[in-house]
Amino acid sequence: MIRHVVAWKLAAEDEEGKVAAAAAIQAALAPLPAIIPEIKTFSIGPNVAYADKNWDICLVADYDDLDGLETYQVHPEHLKAVDIVKPLVSARASVDFEL
């Protein structure tokens, strides 16, 4: 099992802009588990604590193996979501590890 963790810093600097950007990112990515069968578990949500230190929004998803993760990465619906996410963020960090 591979766990895929992605955290983003949002480009918006005001609270209203951050809330809107986080909602747009969630709306773009949340439908993917119903479309991409390789996604075994999926959670996404905005940060709720320590805003001065933490990243703004995080996704955690599990895949059976690296092939499943790669299938997700290049899936056309994921790539459409990436096009929505990229302009809303200023930085991205990710880690993929084996469970």
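Look above for the structure.
In what follows, the accompanying structure is described. (Residues numbered from 1 in each chain as written. Predicted model: local features only at pLDDT ≥ 70, side-chain atom pairs only at ≥ 80, totals over all residues. Heavy atoms only, no water.)

## Some points on the packing of helix α1 (residues 15-29) against helix α4 (residues 76-85)
Point 1. It is at 9 Å that the axes of α1 and α4 come closest, and there the two elements cross at 175°. With respect to α4, the axis of α1 lies roughly antiparallel. For the pair α1 and α4, the contacting residues are A24, I25, A28 and L29 in the first and H78, A81, I84 and V85 in the second.
Point 2. By residue class, the composition of the contact of α1 with α4 is seven nonpolar, one polar and no charged. (Axes fitted to C-alpha atoms, helices over the stretch in contact; angles between N-to-C directions. Helix = DSSP H or I, 4+ residues; strand = E, 2+ residues; numbered from the N terminus. Parallel < 35°, antiparallel > 145°, perpendicular 65-115°, else oblique. Contact = heavy atoms within 4.5 Å. Nonpolar A, V, L, I, M, F, W, Y, C, P; charged D, E, K, R; others polar.)

## Overview of the nonpolar core
Considering soluble globular proteins, one finds that nonpolar side chains tend to be buried as a cluster.
Point 1. Judged by nonpolar contacts, the single largest core of 23 residues is most densely connected at W8, I25, L29, I44, L59 and Y72.
Point 2. Looking at this core, the elements with two or more residues in it are β1 (2-10), α1, β2 (41-46), β3 (57-63), α3 (66-74) and α4.
Point 3. Counting residues per element, this core draws most heavily on α1, at five residues.
Point 4. Residue contacts for L59: discarding those within four places in its chain leaves H4, V5, V6, W8, L29, F42, S43, I44 and Y72. (Core = buried A, V, L, I, M, F, W, Y, C linked by side-chain atoms within 4.5 Å. Buried < 20%, exposed > 50% of the residue type's maximum accessible area, 1.4 Å probe, protein only.)

## Comments concerning a nonpolar patch on the surface
Point 1. A cluster of nonpolar side chains, M1, V95, F97 and L99, forms an exposed patch at the surface whose accessible area comes to about 360 Å².
Point 2. Tracing the sequence through the fold places V95 in strand β4 (residues 89-98).
Point 3. Residue V95 is classed as partly exposed on the basis of its relative accessible area, which comes to 48%. (Patch = residues over 30% accessible without salt bridge, like charges linked within 9 Å, V, L, I, M, F, W, Y side chains within 5 Å. Areas by Shrake-Rupley, 256 points an atom, 1.4 Å probe, with all protein chains shown as cover. Salt bridge = Lys/Arg side-chain N within 4 Å of Asp/Glu carboxyl O.)

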